[in-house]
Amino acid sequence: MRWWFMPLSEHHLRTSIAVSDITRAVAFYEGRLGLRPLWSGPSAAIPGGSRVYACGGGPALNVYQSTTAGATRATLATWYVDDLDGIVDELAAAGVTFVRYDGLEHDARGITPRAGGGRLAWFQDPDGNTFAVEADV
């Protein structure tokens, strides 16, 4: 197999998440997750139908209104944190519900041991888009 340098590896990557109702999404992403919007703009023909949120010091998450919202059950983005217990407690206090999957071990708060070490917890936005918070300890 021939290895080659991918020019995209030199550029920042931003995750884009489709939502069915931008107003409801803003209430979740800003109100429950506490994300800070950097800017808003149109999504297709919807004025103000998108938001870009800062994470880790720069633009990282684009949320936009679309008819394709919630179309995947896969984890779309993961926040890597130092204090998983503290973050899970803060999110739960803000009304975030953590997902529990059959066949996996979860503690009372929904935290799961990660294969190979570490721990993580999953949650979903109002459209069922899945996210995780994860720590190495």
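Look up: the structure comes first, before these words.
Residues numbered from 1 in each chain as written. Predicted model: local features only at pLDDT ≥ 70, side-chain atom pairs only at ≥ 80, totals over all residues. Heavy atoms only, no water.

K.L.:
An account of the pattern of salt bridges is requested, with residue identities and associated values reported.
P.N.:
Taken as a whole, this structure holds 7 salt bridges when the rule is applied. The salt bridge involving Arg-109 is made with Asp-85; its shortest N-O contact spans 2.3 Å. Linking Arg-109 in the loop between strand E6 (98-99) and strand E7 (112-113) with Asp-85 in helix H2 (residues 84-93), this pair joins segments that are 24 residues apart in sequence. With relative accessibility at 29%, the residue Arg-109 sits in the partly exposed group. We note a salt bridge from Arg-114 to Asp-136, for which the minimum N-O separation is 3.0 Å. Of this pair, Arg-114 sits in the loop between E7 and strand E8 (119-124) while Asp-136 sits in the segment after strand E9 (130-135), and the two are 22 residues apart along the sequence. Exposure remark for Asp-136: the relative accessible area of 62% places this residue in the exposed category. Overlapping salt bridges, with partners in common, bring together Asp-85, Asp-89, Asp-107, Arg-109 and Arg-119 in one network. (Salt bridge = Lys/Arg side-chain N within 4 Å of Asp/Glu carboxyl O. Helix = DSSP H or I, 4+ residues; strand = E, 2+ residues; numbered from the N terminus. Buried < 20%, exposed > 50% of the residue type's maximum accessible area, 1.4 Å probe, protein only.)

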